[in-house]
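Below are the chains, spelled out letter by letter.
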Amino acid sequence: MNIALEARSRLFFNLALRRPQAFVRASSTDAAPLSERQRRKAKHGEEVWVFACRKTRQVVFSFERKLSRHHVNKQLPFVGKKSKPENMRKDLWSPFLRITVPEGLGHVGRAIFKQLREFKHLHEVSWDGDLIFKTPSEYTEEERRRMKQYPRGPKPQRPRKQRAASINDMVGNVVADLATILAGTPKGGAMTITQLKMTPDRHANAIGKAQLNLRQVENKVKARLHKKAKELVHEEDELGGLTTDSETTAEKTVTAYAKLIHDAKLAIPEEAIFQLCPVTVSWVDEQNKEYAEKWSSNVTHEALELNLCRDVERLSHGPEIKDEASVEAEIKAEAAS
């Protein structure tokens, strides 16, 4: 009889120490390694490259170090006849700056990329009269005489090429827009993250999932403890009291389940503490940052490495084109051999 009770108590103890299924699923899901596609998606956006044209001062954004013709043709606007080149001259384009966000915060970089393109498009399609009309210092003698004779007459306009060149010059606007974007907004936004390096929405979802997991663990523990209590009551009625093994098993069961509940409570994240995402801006020419009035405290400025800048230019320009002299020299060398 004692052997049967001891075997049954051991069986109850083993069953009692089983972790609730909901808790096991949650922990195994969190510990699951990311797939290659998930890693690429999380990394996408950690670097944002800005390229500028040396001739027209036009600006193009890219997630990659290599500037492709697709990016240029898609992002350059048409503001008049012959204002948009048919083909991209790779020798005129070079890196302007690089925006880097911490690892795992690619969504912040993608949001910066999106807002930069939106602001750039806004500058391209909406401008004030100062861009269209000449200032008094730019008037010719004939225009000065006409404006003096007819003050309310039509103002002299800038030539079409000059207006197109002014619209295409986006270097100063992009730097000022970047400083505004990186400063964030008072009510949160793309630049706002929590102490867990998450967006506010993801942080709230993490808290909700952890609280749901806690409720599932508590319900599972209550059900198993209720079942265990019934078994102990039945054993006490049959034997007239509980054995020492049964009491020890019950204490260990309660301790094990209390630890599960305690661990589930500790897994609940704290309330979100909002902060601006730290960003590093690497400049080819650090004097360009003066286009912005001020920069927020979360921005770190540094000079872009010269070797990296050359590698990016070489990658964007593609394979070098050999001149005729080098080709003829190679042909003669092959013929001589």
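For the structure itself, consult the block above.
Worth saying up front: this structure is predicted, and the values here are computed from it rather than measured.

1. Points about the overall build of the protein chain
Across its full length, the protein chain carries 12 helices and seven strands. Relative to its 337 residues, the protein chain shows a buried fraction of 32%. Look at the contacts in the protein chain between residues 6 or more apart in sequence, and 71% of them connect residues 24 or more apart. Counting only carbon and sulfur atoms, one obtains 54% of the accessible surface of the protein chain, whose full area is about 22200 Å².

2. A look at the sheet that holds strand β7 (residues 299–303)
With mixed pairing, five strands are arranged side by side in an open sheet as β2-β1-β3-β6-β7. Edge positions in the sheet fall to β2 (59–62) and β7, since each has one partner strand and no second. When the angles between neighbouring strand axes are averaged without regard to direction, this sheet yields 25°. As defined by bridge partners, strand β6 (residues 279–283) adjoins β7 across five bridges and the pair is classed as parallel. Residue pairing for β7: Val 281 is matched across the bridge by His 301. Sheet strands touched by helix α5 (residues 106–125): β1 (47–53), β2 and β3 (93–100). Its angle to β2, the strand with the most contacts, is close to 155°.

3. A word on unusual backbone geometry
Of note, the phi angle at Arg 57 is positive, near 60°, even though the residue is not glycine. For Arg 57, the location among the structural elements is in the loop between β1 and β2. Using a relative accessible area of 31% as the deciding quantity, one classes Arg 57 as partly exposed.

4. What to know about helix α8 (residues 171–182)
Taking 1.5 Å of rise per residue, 12 residues should cover 16 Å, and α8 covers 17 Å from first to last C-alpha, within 8% of that figure. Of the positions making up α8, those classed as buried are Val 171, Gly 172, Val 174, Val 175, Asp 177, Leu 178, Ala 179, Ile 181 and Leu 182. Where α8 is buried, its residues contact β2, β3, α5, β5 (275–276), β6 and β7. Residue Gly 184 follows α8 closely and has a positive phi angle near 75°.

5. Observations regarding the packing of aromatic side chains
Per the counting criterion, the structure on display carries five aromatic pairs. Summarising the aromatic geometry, the rings of Phe 96 and Trp 283 are spaced 6.2 Å apart at their centres and angled 85° between planes, so their arrangement reads as edge-to-face. Note that Phe 96 is positioned in strand β3 and Trp 283 in strand β6, a separation of 187 residues in sequence. There is no split in this pair, since Phe 96 and Trp 283 are both buried. Summarising the aromatic geometry, the rings of Trp 283 and Trp 295 are spaced 5.9 Å apart at their centres and angled 80° between planes, so their arrangement reads as edge-to-face.

6. Some remarks on the packing of α5 against α8
As a packed pair, α5 and α8 sit with axes 10 Å apart at the nearest point and diverge in direction by 135°. On the basis of the axis angle, α5 is oblique to α8. In this structure, α5 meets α8 at a crossing whose hand is right-handed. Facing Ile 112, Gln 115, Leu 116, Phe 119 and His 123 of α5, the residues of α8 in contact are Asn 173, Val 174, Asp 177, Leu 178, Ile 181 and Leu 182. For the contact of α5 with α8, the residue count by class is seven nonpolar, three polar and one charged.

7. Section: the pattern of salt bridges
Under the counting rule described, the total for this entry stands at 12 salt bridges. Note that Glu 47 is salt-bridged to Arg 65, the shortest N-O span being 3.9 Å. Placement of Glu 47 in strand β1 and of Arg 65 in the loop between β2 and α4 (69–75) is noted, with a sequence separation of 18 residues between them. Across the pair Arg 89 and Asp 91 runs a salt bridge, and its minimum N-O distance is 2.7 Å.

8. Regarding the environment of Met 191
Mapped onto the fold, Met 191 is located in the loop between α8 and β4 (192–193). The buried category is assigned to Met 191, whose relative accessible area is 3%. Distance in space between the C-alpha atoms of Met 191 and Val 279 is 9.4 Å, their sequence separation being 88 residues. Once residues lying within four places of it in the same chain are set aside, the contact partners of Met 191 are Val 108, Ile 112, Ile 181, Leu 182, Gly 184, Gln 275, Leu 276, Cys 277, Val 279 and Asn 298.

9. Focus: the pairing of β1
The two faces of a sheet get side chains in turn, since along a regular strand they alternate between them. Among the seven residues in β1, six count as buried, and that is most of the element. In terms of strand pairing, β1 meets β3 through seven bridges, oriented antiparallel. By the bridge assignment for β3, Trp 49 is matched with Arg 98. Relative to β2, β1 runs antiparallel, the two being bridged by four bridges. Considered in β2, the bridge of Ala 52 is made with Val 59. What sits between β1 and β2 in their antiparallel hairpin is a turn of five residues, with Arg 57 showing a positive phi close to 60°.

10. A word on the environment of Ala 206
Tracing the sequence through the fold places Ala 206 in helix α9 (residues 200–239). For the pair Ala 206 and Pro 269, spaced 63 residues apart in sequence, the C-alpha to C-alpha distance is 7.2 Å. Not counting the four nearest positions on each side in its chain, Ala 206 is found in contact with Met 198 and Pro 269.

11. Here's the deal with the pairing of β6
Burial runs high along β6: four of the five residues are buried. Sheet topology note: the β3/β6 ladder contains four bridges and is antiparallel. Looking across to β6, one finds that Leu 97 is bridged to Trp 283.

Rules and cut-offs
Residue positions are counted from 1 within each chain, in the order its sequence is given. Owing to the predicted nature of the model, reporting of local features is limited to residues with pLDDT of at least 70; listing and counting of side-chain atom pairs is limited to 80 or more, with chain, interface and lining totals taken over all residues. Computation of side-chain values covers all heavy atoms of the structure but excludes hydrogens and water. Going along the chain from the N terminus, every DSSP run of H or I of four or more residues is numbered as a helix, and every run of E of two or more is numbered as a strand. With a 1.4 Å probe rolled over the protein chains alone, any residue whose accessible area is under 20% of its type maximum counts as buried; one over 50% counts as exposed, and the rest are partly exposed. In what follows, a contact means two residues having at least one pair of non-hydrogen atoms within 4.5 Å. The Shrake-Rupley method, run with a 1.4 Å probe sphere, supplies the accessible areas, and residue values consider only the shown protein chains as cover. Strand pairing is assigned whenever DSSP detects at least two bridges linking the two strands. As a rule, the C-alpha atoms of each element are fitted with a line to give its axis, helices using only the stretch in contact, and angles between N-to-C directions run from 0 to 180 degrees. Any helix carries an expected span of 1.5 Å times its number of residues minus one. Ring pairs are drawn from Phe, Tyr and Trp, using the six-membered ring of Trp, whenever the two centres fall within 6.5 Å, and their geometry is named by plane angle: stacked under 30 degrees, edge-to-face over 60, tilted for the rest. Roughly parallel means an angle under 35 degrees; roughly antiparallel means over 145; roughly perpendicular covers 65 to 115; every other angle is labelled oblique. In a left-handed crossing the near helix is turned counterclockwise from the far helix by less than a right angle, and in a right-handed crossing that turn is clockwise. Each residue is assigned to one class: nonpolar for Ala, Val, Leu, Ile, Met, Phe, Trp, Tyr, Cys and Pro, charged for Asp, Glu, Lys and Arg, and polar for all the others, Gly among them. Salt bridge, as used here: a side-chain nitrogen of Lys or Arg that lies within 4 Å of a carboxyl oxygen of Asp or Glu.

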